[in-house]
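Spelled out, the chains give:
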Amino acid sequence: FLGYKDGFIDQYTNGQVQRIEFPELQDRIIFFMMADQTNSIWLCQNGLYGIYRLSEEGQLKYYGPEQGLTTNSIVIRQNAEGTIFLGGLGNDNYLFEYDPVEDRFNNRSNALVIDEQVSISVNDLEFGNDNDVWLGTNDGLYHFESNVITKVPLPIEQNPLVIKSLSKHNEILWIGANVG
């Protein structure tokens, strides 16, 4: 899939392109997509308070405040067990978990002890071994485990340390940041 600002998505399959038009998506850049285990595509859009899900059948559904999602969506990921987490923007609404039974999001954000002038932006998510979640943010690395979020001290003299990407390979968490 390839998303555009002009309200459509191109789906590439076996060298063929199918254009799917969605007027609801117009004027917002689709900057992050994720295919989940049900073959739905989740779409994060610039400045959108919420997220869209494109089902395998081609139905587009918006998730916003009525479905528990009260943030600008930045990143969405699914762990090996099928649990979907969404990272967003804001000190009280930066981490959400999708509940497929209720078809809604639940806020998992806890109060953070941070500089009041910093608004947390979760740029990427990665999963540990026990349903724990690593959060790469504009304020460094955070870890979510057993409904508790803690900041992870890193040996880097950069303040703030903006983490842009996370990847886990062979039990090692790799971090891409604004310092290289």
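None of these values were measured; they are calculated from a predicted model.

Rules behind the numbers
- Residues numbered from 1 in each chain as written.
- Predicted model: local features only at pLDDT ≥ 70, side-chain atom pairs only at ≥ 80, totals over all residues.
- Heavy atoms only, no water.
- Pairing = 2+ DSSP bridges.
- Helix = DSSP H or I, 4+ residues; strand = E, 2+ residues; numbered from the N terminus.
- Axes fitted to C-alpha atoms, helices over the stretch in contact; angles between N-to-C directions.
- Buried < 20%, exposed > 50% of the residue type's maximum accessible area, 1.4 Å probe, protein only.
- Phe/Tyr/Trp six-rings, centres within 6.5 Å; stacked < 30°, edge-to-face > 60°.
- Core = buried A, V, L, I, M, F, W, Y, C linked by side-chain atoms within 4.5 Å.
- Contact = heavy atoms within 4.5 Å.
- Polar contact = N/O pair within 3.5 Å; in protein donor to acceptor, adjacent residues only side chain to side chain.

*Asks:* Whenever I open this one, the sheet that holds strand 4 (residues 30–35) confuses me. Can you help?
*Replies:* By way of backbone hydrogen bonds, the strands of a sheet pair with one another, either parallel or antiparallel. The strand order across the open sheet formed by 4 strands is 4-5-6-7, and the pairing between neighbours is antiparallel. Every other strand in the sheet has two partners, leaving strand 4 and strand 7 (60–63) as the edge strands with one partner each. Taken over all neighbouring pairs, the strand axes of this sheet differ in orientation by 25° on average, direction set aside. Sheet topology places strand 5 (residues 41–45) next to strand 6 (residues 51–54); 3 bridges connect them, and they run antiparallel. Bridge pairing in strand 6 places Ile41 opposite Leu54.

*Asks:* Honestly, the pairing of strand 14 (residues 140–145) in this entry has me stumped. Any pointers?
*Replies:* Within a regular beta strand, the side chains point alternately toward one face of the sheet and then the other, so they alternate between its two faces. The element strand 14 is largely enclosed, with a buried count of 5 among its 6 residues. Summarising the sheet, strand 13 (residues 133–137) and strand 14 pair through 5 bridges and their orientation is antiparallel. Looking at strand 14, one finds that Val133 is bridged to Phe144. Counted along the chain from strand 13 to the antiparallel partner strand 14, the turn is 2 residues long. Looking at chain direction, strand 14 and strand 15 (residues 148–152) are connected through 5 bridges and run antiparallel. Each bridged residue has a counterpart across the sheet, and for Leu141 the counterpart in strand 15 is Val152. Linkage of strand 14 to strand 15, two consecutive antiparallel strands, is achieved through a turn of 2 residues, within which Ser146 is found at a positive phi near 55°.

*Asks:* Please clarify how the packing of aromatic side chains should be interpreted in this entry.
*Replies:* Pairs of aromatic rings are described using the distance from one ring centre to the other and the angle between the two planes. Within this structure, the stated rule accounts for 9 aromatic pairs. Here the aromatic rings of Tyr63 and Phe105 are separated by 5.7 Å at their centres, their planes lie at 85°, and the arrangement is edge-to-face. Within this pair, whereas Tyr63 is found in strand 7, its partner Phe105 is found in strand 11 (residues 104–107), the two being separated by 42 residues in sequence. In this structure Tyr63 comes out as buried when scored by relative accessible area, which is 0%. Ring geometry for Phe85 against Phe127: centres 5.9 Å apart, planes inclined by 45°, an arrangement best described as tilted. Of this pair, Phe85 sits in strand 9 (residues 84–87) while Phe127 sits in strand 12 (residues 122–127); the two residues are 42 residues apart in sequence, bridging distant segments of the chain. Given a relative accessible area of 9%, Phe127 falls into the buried group. Put simply, the rings of Trp42, Tyr63, Tyr98 and Phe105 pair up and form one aromatic cluster.

*Asks:* Looking at this model, I keep getting lost on the nonpolar core. Mind explaining?
*Replies:* Burial of nonpolar side chains together is a common tendency in soluble globular proteins. Counting residues in each nonpolar core, the largest one holds 26 residues, and the members touching the most others are Trp42, Ile51, Ile76, Leu95, Phe105, Leu125 and Leu135. If you list the elements that add at least two residues to this core, you get strand 4, strand 5, strand 8 (75–78), strand 9, strand 10 (95–99), strand 12, strand 13 and strand 14.

*Asks:* What exactly am I supposed to notice about the environment of Ser40 here?
*Replies:* Of note, Ser40 is situated in the loop between strand 4 and strand 5. Those residues in contact with Ser40, other than ones at most four positions away along the chain, are Met34, Ala35, Arg53, Leu54, Ser55 and Glu56.

*Asks:* What is the right way to read the side chain of Ser121 from this model?
*Replies:* Among the secondary structure elements, Ser121 is positioned in the loop between strand 11 and strand 12. By relative accessible area, Ser121 is classed as buried at 11%. A polar side-chain atom of Ser121 sits 3.3 Å from a polar atom in the side chain of Asn123. Once residues lying within four places of it in the same chain are set aside, the contact partners of Ser121 are Ile74, Gly88, Leu89, Gly136, Thr137 and Asn138.

*Asks:* So what exactly am I meant to see when it comes to the sheet that holds strand 12 here?
*Replies:* Taken together, the 4 strands give an open sheet; going across it, the order is 12-13-14-15, and neighbouring strands pair in antiparallel fashion. Two strands bound the open sheet, and with one partner strand each, they are strand 12 and strand 15. Going from strand to strand, the sheet's axes swing by 25° on average, the running direction of each strand aside.

Any link to function would need more than the numbers given here.
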